[in-house]
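Take a look at the letters that make up each chain.
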Amino acid sequence: MNFKIRKSKIIVFYLSVIICAFSTSPSFAINSSNMNLLLISIMIISPLILLISIRNITKEDILLILFFLSIIFSPLLNNPETMRWSTVMYSFMFGITFLVYKHLLYKNILEFEYFIKILKYLIYAYTIVLIIQQACVLLGLPIFNIHAYDPTTPWKLNSLSSEPSHSARFVGLLMFCYIISKEIFMDKKYSLSSNFKEDKYIWLSFFWTMLTMGSGTSLLFVILVLSIFLRFRTLIVFIMFLIILHGLIDYLDIKAADRTIKLFLATLTLDPETMMEADRSGSSRIVPFIVLIERVDFTTINGWFGHGIDYVGNNLYMYFAIPIKGYSGGGMLALWMEYGFLSFILFLIFSLMTTINRKNLKILFFWFFLIFMYGVNSQFVWATITIMFTIRYFGQQKEFIDNLKLEN
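Calculation notes
- Residues numbered from 1 in each chain as written.
- Predicted model: local features only at pLDDT ≥ 70, side-chain atom pairs only at ≥ 80, totals over all residues.
- Heavy atoms only, no water.
- Helix = DSSP H or I, 4+ residues; strand = E, 2+ residues; numbered from the N terminus.
- Buried < 20%, exposed > 50% of the residue type's maximum accessible area, 1.4 Å probe, protein only.
- Contact = heavy atoms within 4.5 Å.
- Areas by Shrake-Rupley, 256 points an atom, 1.4 Å probe, with all protein chains shown as cover.
- Phe/Tyr/Trp six-rings, centres within 6.5 Å; stacked < 30°, edge-to-face > 60°.
- Axes fitted to C-alpha atoms, helices over the stretch in contact; angles between N-to-C directions.
- Parallel < 35°, antiparallel > 145°, perpendicular 65-115°, else oblique.
- Left-handed = near helix turned anticlockwise from the far one by under 90°.
- Polar contact = N/O pair within 3.5 Å; in protein donor to acceptor, adjacent residues only side chain to side chain.
- Salt bridge = Lys/Arg side-chain N within 4 Å of Asp/Glu carboxyl O.

(A) Spotlight on the overall build of the chain. Counting its regular elements, the chain contains 20 helices and 0 strands. Burial analysis of the chain (408 residues in total) assigns 52% to the buried set. Counting only contacts in the chain whose residues sit at least 6 apart along the sequence, the fraction spanning at least 24 positions is 72%. When the accessible surface of the chain is totalled, it reaches about 20200 Å², and 67% of it is carbon and sulfur.

Structural data, given as structure tokens:
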């Protein structure tokens, strides 16, 4: 086989592996600390591949490198006693793996149509694993790929991630990205009426997974995915769908989704106690934002360079409704509190530059729920950045080719 062809196949394979590793957490790869060892093993070899793949430094690279430097020097100079190299190196591993992916993608070997197939097959994989798990529960067999299972809620199944709510986020992200990728590929808006026949199996897989895995989070991400079709003329249909969905939830007594609706209404009050009463588990992801937004600042030394690593985990319990020392949260606001405004703004700009497509601003919803709401050392964050960046890259490529055609 020609060396160039073999090299191209290896690059496409490695890019596919990174996408799949960022988008899944199979139970065999999850250790006692709930870390994805499969992803970690891929990230460990990334620095070696980066050395042989990097060519030109881009604006995104510079921002990420500056961010890396900031999370080293901010704690070292301002709160050296809090410095924990394992945490910082874990952030480096995520970032370097993304840089490897980015520079391999720039070699123009991965085809857009192949990338779309990866997204589609990942959704199918989540559905197939979930159906196998459901069959195991129904037949009383040992459950395939199970993790963090509670026999008192037998139909709450994790599929290809560590828990149902995580699978809901991944499948929601994959489906949304599949739709906007097809829009770019077809060079027209995705229409359910004209495209459903071609994509009927992917839609059936999406809805089956999201509505039967037993996660209240899935309701939010179903709405986010469907928001892509929201136009002024379809607003009434969209509202009717939500009313029917709410009625179905109420009729079937789907408690997980019912909690999500109650939590959403409680969140509108911005009162932590009301939110905790509505859904103690779900509110634990939201209340830290309310607590931290009142405490971040850029008028002090700590505001600019942080209070130190683990500051949020060591202090949030004093203000939070769950009085557990060590509990953290607050996403990128926690990054601000621990490393300072400088690190926060660098990562904020980097994440927006790598994900946002000006032709589809609904991406901002996913950026908020899967990047802003999580810390830097999160698989959700880097899965979203990696997949969204790929879509942005192919979109820019297509726009460049279209402009060349117009000029000629």
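Further notes follow.
(B) A look at the environment of Ile 184. With respect to the element layout, Ile 184 can be found in helix α6 (residues 164-186). Taking the C-alpha atoms as reference, Ile 184 lies 9.6 Å from Phe 112; in sequence the two are 72 residues apart. Excluding residues within four positions of it along the chain, Ile 184 makes contact with Phe 112, Asn 357, Ile 391, Phe 394, Gly 395 and Lys 398.

(C) Local environment of unusual backbone geometry. Even without being a glycine, Ser 159 presents a positive backbone phi close to 55°. Checked against the element boundaries, Ser 159 lands in the loop between α5 (112-139) and α6. Notably, Asp 310 is not glycine yet its phi reads approximately 75°, a positive angle.

(D) Up close: the packing of aromatic side chains. Summed over all chains, the structure comprises 41 aromatic pairs. On the basis of an interplanar angle of 20° and a centroid distance of 6.4 Å, the ring pair of Phe 112 and Phe 115 is categorised as stacked. Residue Phe 112 and its partner Phe 115 are both found in helix α5; the two are separated by 3 residues, about one turn of the helix. The pair formed by Phe 112 and Phe 115 is uniform in burial state, with each residue classed as buried. With a centroid separation of 6.1 Å and an interplanar angle of 45°, the aromatic rings of Phe 350 and Trp 382 are classed as tilted. Here Trp 382 lies in helix α20 (residues 379-407) and Phe 350 lies in helix α18 (residues 341-355), a separation of 32 residues in the sequence. In this structure Trp 382 comes out as buried when scored by relative accessible area, which is 0%.

(E) Main features of the packing of helix α9 (residues 217-226) against helix α19 (residues 363-372). One way to put it is that α9 packs onto α19 with a least axis distance of 10 Å and a crossing angle of 155°. The pairing of α9 with α19 is recorded here as roughly antiparallel in orientation. Between α9 and α19 lies a crossing of left-handed hand. Along its contact with α9, which presents Leu 220, Phe 221, Leu 224 and Val 225, the element α19 presents Phe 365, Phe 366, Phe 369 and Leu 370.

(F) Highlighting the side chain of Asp 199. The topology assignment puts Asp 199 in the loop between α7 (192-195) and α8 (200-212). A polar contact of 2.6 Å, which involves the side chain of Asp 199, links it to the side chain of Tyr 190. Sequence-distant contacts of Asp 199, defined by excluding residues within four places in its chain, comprise Tyr 178, Lys 182 and Tyr 190.

(G) Here's a closer look at the environment of Met 213. Along the polypeptide, Met 213 turns up in the loop between α8 and α9. Taking the C-alpha atoms as reference points, Met 213 and Gln 134, 79 residues apart in sequence, are found 8.9 Å from one another. Not counting residues up to four positions away in its chain, the partners in contact with Met 213 are Leu 130, Trp 155, Lys 156, Leu 157, Pro 164, Ser 167 and Ala 168.

(H) Representation of the pattern of salt bridges within the structure. With the rule as written, the count across this model stands at 7 salt bridges. A salt bridge links Asp 199 to Lys 182; the shortest N-O distance between them is 3.2 Å. Within this pair, whereas Asp 199 is found in the loop between α7 and α8, its partner Lys 182 is found in helix α6, the two being separated by 17 residues in sequence. One exposure class covers both Asp 199 and Lys 182, and it is buried. When salt bridges that share partners are traced, they join Lys 182, Glu 198 and Asp 199 into one network.

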